[in-house]
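# Residue-level structural notes
In case you want the letters, here they are:
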Amino acid sequence: MLQKSLNCQGCPLEKVGQGFAPGSGWPGQKIWLIGEALGENEAAQGKPFVGGSGRVLNALLAEAGIWREQCYTTNICKCGPPLNRPPTKAEMDFCKAAYLDKELAQTTDETVIV
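Conventions we followed
- Residues numbered from 1 in each chain as written.
- Predicted model: local features only at pLDDT ≥ 70, side-chain atom pairs only at ≥ 80, totals over all residues.
- Heavy atoms only, no water.
- Core = buried A, V, L, I, M, F, W, Y, C linked by side-chain atoms within 4.5 Å.
- Buried < 20%, exposed > 50% of the residue type's maximum accessible area, 1.4 Å probe, protein only.
- Contact = heavy atoms within 4.5 Å.
- Helix = DSSP H or I, 4+ residues; strand = E, 2+ residues; numbered from the N terminus.
- Pairing = 2+ DSSP bridges.

## A look at the nonpolar core
The tendency in soluble globular proteins is for nonpolar side chains to be buried side by side. By size, the foremost hydrophobic cluster in this structure holds 10 residues: Cys-8, Cys-11, Leu-13, Phe-20, Ala-37, Cys-77, Cys-79, Cys-95, Ala-98 and Tyr-99. Beyond its immediate chain neighbours, meaning those up to four positions away, Leu-13 contacts Lys-4, Cys-77, Cys-79, Pro-81, Pro-82, Arg-85 and Glu-91. Judged by nonpolar contacts, the second largest core, of five residues, contains Leu-33, Phe-49, Leu-57 and Cys-71.

Following this line, the structure appears as structure tokens:
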């Protein structure tokens, strides 16, 4: 399991959040898929969309003729809230400012964010 970054200091999830997963793939991709927070498998593997949601995502992408490697995947919250509960607004706001805004700065006019 990846260690949390120094950017996590002061986050409501800093001590209770499970795992840590930065974005995955090349940020210059035209398709970005952004989830809410990590699930158990994502927290354990340190990658977004690798659990059940990843299997569903891969199937939907394949149906659309899109390879997973053509997408950049990330989450608003880079760790998983306790008991797999949805993240609070404060948790999402903190992570957005600490990570997601910097990731989004790498997009282009052609990027499609889902």
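## Points about the side chain of Thr-74
Summarising the element assignment, Thr-74 is placed in strand E2 (residues 71–75). Look at Thr-74 and you get buried, because its relative accessible area is 1%.

## Side note on unusual backbone geometry
Outside of glycine, negative phi angles account for most residues, and trans bonds account for most peptide bonds. The backbone phi angle of Phe-49 is positive, close to 55 degrees, even though this residue is not glycine. Summarising the element assignment, Phe-49 is placed in the loop between helix H1 (40–45) and helix H2 (52–63). Owing to a relative accessible area of 16%, Phe-49 belongs among the buried residues under this scheme. The residue Asn-84 is not glycine, and still its phi comes out positive at about 55 degrees. For Asn-84, the position within the fold is in the loop between E2 and helix H3 (89–104).

## Digging into the pairing of E2
The element E2 is extensively covered by neighbouring structure, given that five of its five residues are classed as buried. In E2, alternate side chains face the same way, and those of Cys-71, Thr-73 and Asn-75 on one face and Tyr-72 and Thr-74 on the other are all buried. Taken together, the five bridges between strand E1 (residues 31–35) and E2 define a ladder with parallel strand orientation. If you follow Trp-32 over to E2, its bridge partner there is Tyr-72.

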